[in-house]
Protein chains: 2
Amino acid sequence: MEKPAKGEQTRALIVDTALRLFREHGYDRTTMRAIAKEAGVSVGNAYYYFPSKEHLVQGFYDQMAEAHRQASAALFDADADFTSRLTAVLLVWLDISAPYHEFAVQFFKNAIDPNSPLSPFSTESGTARETAISIHRRLLEGVKVDPKLREELPELLWLFQMGVVLYWVHDKSEGQRNTRTLITRSTPLIGKLLAMSRVPGLRSVTREAVQLFRDIGLSRLG
Amino acid sequence: MEKPAKGEQTRALIVDTALRLFREHGYDRTTMRAIAKEAGVSVGNAYYYFPSKEHLVQGFYDQMAEAHRQASAALFDADADFTSRLTAVLLVWLDISAPYHEFAVQFFKNAIDPNSPLSPFSTESGTARETAISIHRRLLEGVKVDPKLREELPELLWLFQMGVVLYWVHDKSEGQRNTRTLITRSTPLIGKLLAMSRVPGLRSVTREAVQLFRDIGLSRLG
DNA sequence: ATCGCCTCTTGAACATGTTCAAAAACTGGG
DNA sequence: CCCAGTTTTTGAACATGTTCAAGAGGCGAT
């Protein structure tokens, strides 16, 4: 009962086939029957390993998060300022995700469903989420900011990133150039606000916002 | 070909029955067959009037928006300040929506789908959206604010409201008290930021944000 | 009244995610 | 090698949103 490599092999075969078909034909147009047939197994077999069609996408999440982490790591060598770093991280994400835009739109509705395992807040998405947040933690190294804010900032930035994703999914402009605009022009604003977050007048507002963020558990909704 | 009252009657019968069953048993557990049977028509007949099950919920949207408009109108008599007004408007929305929380969660995934007619940005949701935005326009009457910002503010507030809805749908706390907290404590922050939006330092940030908001058409995504 | 046309209605058929009881394949102990 | 138990596999059956060809009903013109 330890590691029947057989099972793992079938599992991998199924998820790999599924992800390939998703990429080739989109999420909705890929039926469970097609996946099973292409993988050379029965439909029931797929359901033996994955509770639902949605669960097959979880692997995709993890792959993307890992790809983003690796691509981002290369950006932190230069000692650029916060705004440049954040911009770079988000643009890299955009480049990585661009090929999957149509695909993403199709299963996005499942991802935003609070009860779905695909929700970015769900426990199933835990590892992908942690990976994403850790990117922002690294991004913040060496950045001067109100310490009260610093602790929550990685999660707040991740939340902002989720907002960008939300916009991206709705973005119908050619090549999602509007999302690119959103990123390149919103990050300087965030940078300025961050810089101002320490001056009196704004500081109290900032701290109240951070406290609210903690109290309502915005970071652990699922 | 003017007004065959017959058709309108059947249409109303179907949508009324559907909304009742949705309320009683939830969206997912209410099948098209059940709706048809309860209304005393055939399944195909329901599809003659409504292109999909989702379209049946549109009536629910409009009802809610109208109820919110009426309830909000009563709040604007007293010459309260901006923060109080915004808080009141959002809390009233929360009270109106509370009974439908479970129901709303079930079809929320469809509502957030960019391709769904239920998306708050879709043309089909146009009237409900206009109603909601007009509430915020009324709310802003007499409030002093940077004129550059004033024009976009109703839509920005509506967008904020959509954010609250997004949180509300994910809110699993007893009676959605976390959403209540979010509203009562975030609105003062918005009020303060609005007040500060005219002082130098923040004004430039504000204007850039407004310009960005216009350029990427955040208000007309669908 | 009859015909032509449009609106409305029907229910069987279809597509697809999911379930499940049964069978097959495998594994370790004797 | 054989048996009992576990893991894996199968495919038919089910549930439900959706489609569609066929028919029913009504209405004005002739």
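Coordinates for the structure precede this section.
A separate point is the packing of helix α5 (residues 82–97) of chain B against helix α7 (residues 126–139) of chain B. Geometrically, a packed helix pair is captured by the angle between its two axes and the distance between the axes. All names here are of chain B. In contact at an axis separation of 10 Å, α5 and α7 are set at 155° when each is read in the N-to-C sense. Here α5 lies roughly antiparallel to α7, going by the angle between them. α5 and α7 meet at a crossing whose hand is right-handed. For the pair α5 and α7, contact is made by Phe 82, Arg 85, Leu 86 and Val 89 and by Ile 135, His 136, Arg 138 and Leu 139, respectively. Taken together, the residues of the contact of α5 with α7 break down into five nonpolar, one polar and two charged.

This next bit is on the protein's contact with DNA strand C. In the vicinity of DNA strand C lie 19 residues, with Met 32, Arg 33 and Tyr 47 of chain A together with Ser 42 and Tyr 49 of chain B positioned nearest. Atoms of DNA strand C within 4 Å of the protein: sugar and phosphate make up 55%, bases the balance. Here Lys 53 of chain A contributes a side-chain N or O atom positioned 2.9 Å from a phosphate oxygen of DNA strand C. Between DNA strand C and Ser 42 of chain B there is a distance of 2.8 Å, counted from a phosphate oxygen to a backbone nitrogen or oxygen. At the level of elements, α2 (32–39) and α3 (43–49) of chain A together with α1 (5–25) and α3 (43–49) of chain B are the ones that each hand at least two residues to the surface near DNA strand C. If you tally residues by element for the surface near DNA strand C, the top one is α3 of chain B, at four residues.

Across all of its chains, the model carries 18 salt bridges over all chains by this definition. Between Lys 192 of chain A and Glu 208 of chain B there is a salt bridge, and its shortest N-O distance comes to 2.9 Å. Remark: Glu 208 of chain B occurs in helix α11 (residues 202–215) and Lys 192 of chain A occurs in helix α10 (residues 177–196); the pair is interchain, linking two chains. Given a relative accessible area of 35%, Lys 192 of chain A falls into the partly exposed group. On the basis of relative accessible area, Glu 208 of chain B is assigned to the partly exposed category, the value being 35%. Ionic pairing is found between Asp 146 of chain B and Arg 207 of chain B, a salt bridge with its closest N-O pair at 3.1 Å. Here Asp 146 of chain B, found in the loop between α7 and α8 (147–150), pairs with Arg 207 of chain B, found in helix α11; they are 61 residues apart in sequence, far enough to count as distant. Overlapping salt bridges bring together Arg 20, Glu 24 and Glu 38 of chain A as one network.

Conventions and cut-offs
- Residues numbered from 1 in each chain as written.
- Chains lettered and ligands numbered in written order.
- Predicted model: local features only at pLDDT ≥ 70, side-chain atom pairs only at ≥ 80, totals over all residues.
- Heavy atoms only, no water.
- Axes fitted to C-alpha atoms, helices over the stretch in contact; angles between N-to-C directions.
- Helix = DSSP H or I, 4+ residues; strand = E, 2+ residues; numbered from the N terminus.
- Parallel < 35°, antiparallel > 145°, perpendicular 65-115°, else oblique.
- Left-handed = near helix turned anticlockwise from the far one by under 90°.
- Contact = heavy atoms within 4.5 Å.
- Nonpolar A, V, L, I, M, F, W, Y, C, P; charged D, E, K, R; others polar.
- Near = heavy atom within 4 Å.
- Polar contact = N/O pair within 3.5 Å; in protein donor to acceptor, adjacent residues only side chain to side chain.
- Salt bridge = Lys/Arg side-chain N within 4 Å of Asp/Glu carboxyl O.
- Buried < 20%, exposed > 50% of the residue type's maximum accessible area, 1.4 Å probe, protein only.

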